[in-house]
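Residues per chain are reported as follows:
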Amino acid sequence: MSLKSERRGIHVDQSELLCKKGCGYYGNPAWQGFCSKCWREEYHKARQKQIQEDWELAERLQREEEEAFASSQSSQGAQSLTFSKFEEKKTNEKTRKVTTVKKFFSASSRVGSKKAEIQETKAPSPSINRQTSIETDRVSKEFIEFLKTFHKTGQEIYKQTKMFLEAMHYKRDLSIEEQSECTQDFYQNVAERMQTRGKVPPERVEKIMDQIEKYIMTRLYKYVFCPETTDDEKKDLAIQKRIRALHWVTPQMLCVPVNEEIPEVSDMVVKAITDIIEMDSKRVPRDKLACITKCSKHIFNAIKITKNEPASADDFLPTLIYIVLKGNPPRLQSNIQYITRFCNPSRLMTGEDGYYFTNLCCAVAFIEKLDAQSLNLSQEDFDRYMSGQTSPRKQESENWSPDACLGVKQMYKNLDLLSQLNERQERIMNEAKKLEKDLIDWTDGIAKEVQDIVEKYPLEIKPPNQSLAAIDSENVENDKLPPPLQPQVYAG
Amino acid sequence: MAAGGGGGGAAAGRAYSFKVVLLGEGCVGKTSLVLRYCENKFNDKHITTLQASFLTKKLNIGGKRVNLAIWDTAGQERFHALGPIYYRDSNGAILVYDITDEDSFQKEGVEVLSHLITYRLNSVTKNVKNWVKELRKMLGNEICLCIVGNKIDLEKERHVSIQEAESYAESVGAKHYHTSAKQNKGIEELFLDLCKRMIETAQVDERAKGNGSSQPGAARRGVQIIDDEPQAQSGGGGCCSSG
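About the cut-offs
Think of each chain on its own: its residues are numbered from 1, step by step along the sequence as written. Whichever chain is written first is A, and whichever ligand is written first is 1; the rest continue in order. Only residues with pLDDT of at least 70 are given local features in this predicted model, and only at 80 or more are side-chain atom pairs given and counted; all residues enter the totals for whole chains, interfaces and linings. The side-chain quantities take in all heavy atoms of the structure and omit both hydrogens and water. We define a nonpolar core as any set of buried Ala, Val, Leu, Ile, Met, Phe, Trp, Tyr and Cys residues linked to one another through side-chain atoms lying within 4.5 Å. Categorising residues by exposure relies on relative accessible area from a 1.4 Å probe, with only protein chains included: less than 20% of the type maximum marks a residue as buried, more than 50% marks it as exposed, and the intermediate range marks it as partly exposed. Helix and strand assignments come from DSSP, with helices taken as H or I runs of at least 4 residues and strands as E runs of at least 2, each series counted from the N terminus. In this description, contact between two residues means that some pair of their heavy atoms is separated by no more than 4.5 Å. A pair is scored as a salt bridge if a Lys or Arg side-chain nitrogen falls within 4 Å of a carboxyl oxygen belonging to Asp or Glu. Under the counting rule used here, the positive set is Lys and Arg, the negative set is Asp and Glu, and His together with the chain ends is not counted. Paired strands, as defined in this entry, are two strands with at least two bridges between them according to DSSP. The crossover handedness rule: strands pointing away from the viewer, path from first strand over the helix to second strand clockwise, crossover right-handed. Note on ring pairs: Phe, Tyr and Trp rings are taken, using the six-membered ring of Trp, and paired if centres are within 6.5 Å. Classes follow the plane angle, with under 30 degrees stacked, over 60 edge-to-face and the rest tilted. Whether a charge sits over a ring comes down to the Lys NZ or Arg CZ being within 6 Å of the ring centre and within 35 degrees of the ring normal.

Q: Lay out the nonpolar core in plain terms, naming residues and giving numbers.
A: Residue and element names in this part refer to chain A. Residues Trp 248, Leu 254, Ile 292, Ile 321 and Leu 375 are the most contacted members of the largest nonpolar core, which totals 81 residues. Ranked by the residues each element gives to this core, the list is headed by helix H17 (residues 352-369), at 11 residues. The contact partners of Ile 292, leaving out residues within four places of it in the chain, are Ile 276, Met 279, Ile 339, Tyr 356, Phe 357 and Leu 360. Core analysis: the second largest hydrophobic core is formed by 35 residues, Phe 150, Cys 182, Met 209 and Phe 225 among them.

Below is the structure:
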């Protein structure tokens, strides 16, 4: 008995040791009684649920906030008191929520709530979430999926980004520079937190930062790209007009080391132009940068094929300028400003993308300030070209309008070539005919000559022993010869 | 305490990232210099390198990891005005001239350098708001300047006197080096020395900004943002580092 009780002190029932799920393996109190496998499953489920809940919560908050805004606007006079109380309650709930997550989100959220008070009176701007297009939805889903692989850190990051977006929602009336500042602060903050607290290795931090940038910038894009408060649009139009006015600039004037006569090279040039134009269609700064990088690689290829040596900056920049002039990419200044303001700075500062972006900035600056001297032209020539009086292209006997699109130009060129080819073929045909005639004439001529000669000197073939016979034939002078001596008989 | 920890963190865990701009006239051999350094190639007939305008190199100097990004700049005179766009954020600048070409030295020295220096002055004298913004871009660094006389394999045809070049370099606070990309002379030394100087500058910067920042690049932001919660801590850090 005593033995039994003694044993009881340390005795644990077999069933208690087993996994709570009843899978037959032993459980562990550290895993809440599950075995390692079941625990992982349970934990994973719980975590996903948590993320889902967070997401829903954020959505709900957004909706409530909107309702609150809408009602505060419409309820100026008539709305019932109870409703505003209700609204107050919600606001309280919201601010409470804000404070609990505040430690994840320091300075910006504080400013945000202050701004919220100011904004309360203003007309509500449409919610970020309300107007989600299909793309933003897709990006959100991808983002959540991506973060799931990062366990607790992912969850925390999600909370932070959500809070940031909410804060940005209130900051929409601030100047774009301030909004950019907030975004840059946020990037820095999140990256640092991941490294110092999450102990995430630098390469992964970079990956996560890319995803965060993608997520927040897809959402913020329409509010911060070419905002009305800035003169970005004016600058866009200015540079567009400027590039159009410079249509006459030739590769030779810029000393572009690219020979477009080579089909491969002109192919690369076309690709580069396509890439730089495509930049405008992207929403995320990083994707825009990727377009610039792709464009640059095509330029390098074009230079490599032409010069057969690696391109230096001396080759690259003029070519990029030429590509920009030829492509006239839409909203060039807005795109540059947007990237500068909202791209993750670590990418812009030292990376390869940053280098190409800097070169694009240089190209734009050069085009803006371009003058006669920078093209090695005389001032008079430059002025004449600028005013459109003459065009250097005209002298090259290309009399089709210079602003015709590339395909048309190519077509004209091809037509030109074809007609030239036609001409040449005709010439060849003529020559061939002439040659044929010459040949016939020649044979005829020869035949005639031969005939003449033959006629002139007829060939008479005499019997072969005629001359021999002649010896024996009647000699004309035979008569003059004395008669042959006759034998005489003498009587003697 | 905080400052020391930050410096240690940079040395042990994080690699330094340095941007170096390469300046110089057309045919002074900038391209050969970087290609020799990064890929050990010189006038290679079977070139696999696509471009020599942006190259990177990873180094380990006394246990400190360094990621070097070398930015070539267009040397033609018509592009000189664009310089400041390239210099932004750079930790170092290498000014290359050809020892057989007096012009390449004169232009280098007078135009580009004065440009660089006025740029630095401008960024300091601009009004505070702009200055802070500029600082974010510049990250408060001093540019380490190198003046490089290339093509010393053509010593016989030297047209720029060593003394003149060296005294000039000293007058603008730069260091002078002699290199030959053809014979692979002095190039390793040039970059190694430059990296050491940039590390030093970065460490001085870190210490100067110090107070709790843990990242060379993030100093300003770090201070600004963190003051939300560990207010007392950052005060303590300041105390510690001063004492």
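Q: Go over the pattern of salt bridges, please, and point to the residues and values.
A: All names here are of chain A. Going through the model one piece at a time under the given rule, you end up with 20 salt bridges over all chains. Asp 210 is the partner of Arg 286 in a salt bridge, and the nearest nitrogen-oxygen pair spans 3.6 Å. Pair noted here: Arg 286 is in helix H13 (residues 285-307) and Asp 210 is in helix H9 (residues 202-224), with a separation of 76 residues, a long-range link. The class of Arg 286 is partly exposed, set by a relative accessible area of 24%. For Asp 210, a relative accessible area of 11% corresponds to the buried category. For Lys 294, the salt bridge goes to Asp 275, with nearest N and O atoms at 3.7 Å. Of the two residues, Lys 294 sits in helix H13 while Asp 275 sits in helix H12 (residues 263-278), which places them 19 residues apart along the sequence. Here Lys 294 falls in the partly exposed class, since its relative accessible area comes to 44%. On the basis of relative accessible area, Asp 275 is assigned to the buried category, the value being 6%. It is possible to trace a salt-bridge network through shared partners that takes in Arg 138, Glu 142 and Lys 214.

Q: Would you mind going over the side chain of Arg 197 of chain B in detail, with residue names and values included?
A: All names here are of chain B. Relative to the elements of secondary structure, Arg 197 occurs in helix H7 (residues 187-209). As a buried residue without a salt bridge, Arg 197 has its nearest oppositely charged side chain in Asp 193, at a separation of 5.0 Å. Ignoring anything within four residues of it in the chain, the contact list for Arg 197 reads Cys 144, Leu 145, Cys 146, Lys 175 and Tyr 177.

Q: Got a sec to walk through the pairing of strand S6 (residues 175-178) of chain B? Specific residues and values, please.
A: Residues and elements named next belong to chain B. Where strand S5 (residues 144-150) lies against S6, 4 bridges are found, and the strand directions are parallel. For Gly 149, the partnering residue across the bridge sits in S6 and is His 178. Traced from S5 through helix H6 (residues 162-171) to S6, the parallel crossover comes out right-handed.

Q: Requested: an account of the packing of aromatic side chains, with residues and values cited.
A: Evaluation of the coordinates by the stated rule reveals 21 aromatic pairs over all chains. An angle of 80° between the planes, with centres 5.7 Å apart, marks the rings of Trp 248 of chain A and Phe 382 of chain A as edge-to-face. Residue Trp 248 of chain A is found in the loop between helix H10 (232-245) and helix H11 (251-254), and its partner Phe 382 of chain A is found in helix H18 (residues 379-387); the two are separated by 134 residues along the sequence. Comparing Trp 248 of chain A with Phe 382 of chain A, the two get one shared label, buried. Through a chain of ring-to-ring contacts, the aromatic side chains of Phe 300, Phe 316, Tyr 355 and Tyr 356 of chain A together with Phe 54 and Trp 71 of chain B assemble into a single cluster. Across from the ring centre of Trp 71 of chain B, 3.8 Å away, lies the NZ or CZ of Lys 19 of chain B, which sits over that ring. Stacked on the ring of Tyr 37 of chain B, the Lys or Arg Lys 57 of chain B has its end atom at 4.7 Å from the ring centre.

This is a description of form; function is not addressed.
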